[in-house]
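A look at the structure
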Amino acid sequence: MTVTDNYQRPIISLRISITNRCNVNCFYCHHDGILPQKYEMTPDEIHRIAQVAHSIGVRKIRLSGGEPLIRDDIKEIVSKISSIGFKDVSITTNGTYLTRYADELVESGLNRVNVSLDTLNPEIYRFITKKNYLQKAKDGIIHAAKAGLYPVKVNMVVMKGLNHDEIWDMFKFCQENDAVLQLIELLKTDNCPDNGFIDDYHYKMDDLEEKLANMADKVKTRRFMQDRKKYFVDGGEIEIVKPMDNTQFCKNCTRIRITPEGKLKPCLLRNDNLVNFIKPMREGKSNEELKKLFLEAINNREPFYEQCR
Ligand code: SAM
């Protein structure tokens, strides 16, 4: 059974943000709230959320944050979720803990990782994250591929004047390490720091896409992944994620989210239609009642960009 929303979009993936804590401090980060560690969802609570999601047809789980690998119980969380029988269990991470944890995460049942890495330049890395962890992140990517988390996806937020001229170097790094490159448009959400960075750094990827289309051996459109385009170039892969002003992104969005505070979030770009899940769960609601909360959140889903209604 798969549930569809009021716009005929099937809900097949759930992104669970399991912490707000992070060991880096990216200047553009769209933090999902501020939550002290003591209020984070426990592994058993995350397991139950995933079970309810599975019962309404969700097939893919992605753990995110904050930095999910900052949690000491990350292996327990992955192991509990992977015992449910999802088609895909993945983590989005900054990669700095992967050398330490990749093998054990594979043993716990993890299928894939996306590693966020915007630059190969140590100075620019420090400017973006305020930390000197570039080598750790690169080693993490290499180690993850060796551990079997294949293919590693490298998420690069492309920023004008900061790293846009590094795209081809990053592609080469990915090719050398059996990774796929995912180029992400810099996004302005309600949660983003209001420091005017979007005007300074937003990079339009239209020209790049045209160039990729001309040079690619093959182009694939990933319909259930927000209609993203994947370009096959020189034996490597580059995918483009463009949520801003993109009606196709909305039209083909099959994802629901849960915030670190345990609230269902129907849309990446909105915060005014969340549904509290963890509170009723902690108050002892049954799985049937919890399912209804998922359905309520799905019912709240509307394409953010109006034209696709
Ligand atoms: N700590 C993990 C990591 O670094 O991947 C997971 C959390 S991080 C918020 C998830 C992804 O969101 C990263 O790839 C990050 O680059 C991206 N991200 C955060 N803020 C963004 C923004 N304003 N625009 C585009 N992508 C953003």
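Preceding block: the structure.
Residues numbered from 1 in each chain as written. Predicted model: local features only at pLDDT ≥ 70, side-chain atom pairs only at ≥ 80, totals over all residues. Heavy atoms only, no water.

Once that is clear, we can look at the overall build of the protein chain. Looking only at helices and strands, the protein chain features 11 helices and 12 strands. Here the protein chain has a C-alpha radius of gyration of 19 Å; the compact-globule value for 309 residues is 19 Å, and the two agree. By principal-axis analysis of the C-alpha atoms, the protein chain measures approximately 50 × 45 × 40 Å. Relative to its 309 residues, the protein chain shows a buried fraction of 55%. (Helix = DSSP H or I, 4+ residues; strand = E, 2+ residues; numbered from the N terminus. Rg over C-alpha atoms; globule rule 2.2 N^0.38 Å. Buried < 20%, exposed > 50% of the residue type's maximum accessible area, 1.4 Å probe, protein only.)

Turning our attention to empty space enclosed by the protein. On inspection of all chains with the given rule, the structure shows 1 cavity of 30 Å³ or more. Approximately 140 Å³ is the volume attributed to the largest cavity. The set of elements that each furnish at least two residues to the lining of the largest cavity consists of helix H9 (247-251) and strand S10 (255-258). Looking at side-chain class alone, the lining of the largest cavity contains 9 nonpolar, 1 polar and 5 charged residues. (1 Å grid on protein atoms, 1.4 Å probe; cavity = no way out; pocket = protein on both sides within 12 Å on 5 of 7 lines; lining within 4 Å. Points joined across faces, edges and corners; volume = space filled by probe spheres on them. Nonpolar A, V, L, I, M, F, W, Y, C, P; charged D, E, K, R; others polar.)

Any two side chains of opposite charge can pair, so long as their charged atoms come close to each other. For the structure on display, the rule yields 20 salt bridges. Lys172 is paired through a salt bridge with Glu176; the nearest N and O atoms lie 3.4 Å apart. Here Lys172 and its partner Glu176 are both found in helix H6 (residues 167-176), 4 residues apart, which amounts to about one turn of the helix. For Lys172, a relative accessible area of 51% puts it in the exposed group. Of the charged contacts in the structure, one is a salt bridge between Glu237 and Lys230, with a shortest N-O distance of 2.9 Å. (Salt bridge = Lys/Arg side-chain N within 4 Å of Asp/Glu carboxyl O.)

This brings us to H6. Buried within H6 we find Ile167, Met170, Phe171, Phe173 and Cys174. Buried residues in H6, looked at end-on, bunch into an arc of 160°, giving them a common side. Within H6, the exposed residues directed more than 90 degrees away from the buried face are Lys172 and Glu176. Turning to H6, the residues buried within the fold contact helix H5 (134-147), strand S5 (152-158), strand S6 (179-185), helix H8 (206-215), strand S8 (228-233) and strand S9 (236-241). (Arc of directions from axis to C-beta. Contact = heavy atoms within 4.5 Å.)

Once that is clear, we can look at the packing of helix H2 (residues 74-82) against helix H3 (residues 98-108). Helix packing for two helices is described by the angle between their axes and how far apart those axes are. Following both chains from N to C, one finds H2 and H3 inclined at 25°, their axes separated by 8 Å at the closest point. One finds that H2 runs roughly parallel with respect to H3. Crossing handedness for the pair H2 and H3: right-handed. When H2 is examined against H3, the residues Ile74, Lys75, Val78, Ser79 and Ser82 are found in contact with a partner set consisting of Tyr101, Glu104, Leu105 and Ser108. Of the residues contributing to the contact of H2 with H3, the split by class is 4 nonpolar, 3 polar and 2 charged. (Axes fitted to C-alpha atoms, helices over the stretch in contact; angles between N-to-C directions. Parallel < 35°, antiparallel > 145°, perpendicular 65-115°, else oblique. Left-handed = near helix turned anticlockwise from the far one by under 90°.)

Attention now goes to the packing of aromatic side chains. The full count for this structure, using the stated rule, is 6 aromatic pairs. When the ring of Phe27 is compared with that of Tyr28, the centres are 5.5 Å apart and the planes differ by 80°; the resulting orientation is edge-to-face. Overall, Tyr28 belongs to the buried group, its relative accessible area being 14%. A ring pair is formed by Phe27 and Tyr201, whose centres lie 5.3 Å apart and whose planes are at 55°; its orientation type is tilted. With a gap of 174 residues between them, Phe27 in the loop between strand S1 (13-17) and helix H1 (43-55) and Tyr201 in helix H7 (residues 197-201) connect regions that are remote in the sequence. Taking relative accessible area as the criterion, Tyr201 reaches 18% and is therefore assigned buried. Put simply, the rings of Phe27, Tyr28, Phe127 and Tyr201 touch in pairs and so form one group of aromatic residues. Sitting over the ring of Tyr101, Arg100 keeps its end group 5.7 Å from the ring centre. Residue placement shows Lys136 over the ring face of Tyr133; its charged tip is 4.8 Å from the ring centre. (Phe/Tyr/Trp six-rings, centres within 6.5 Å; stacked < 30°, edge-to-face > 60°. Lys NZ or Arg CZ within 6 Å of the ring centre and 35° of its normal.)

Remember, this is a structural readout, not a statement about activity or role.
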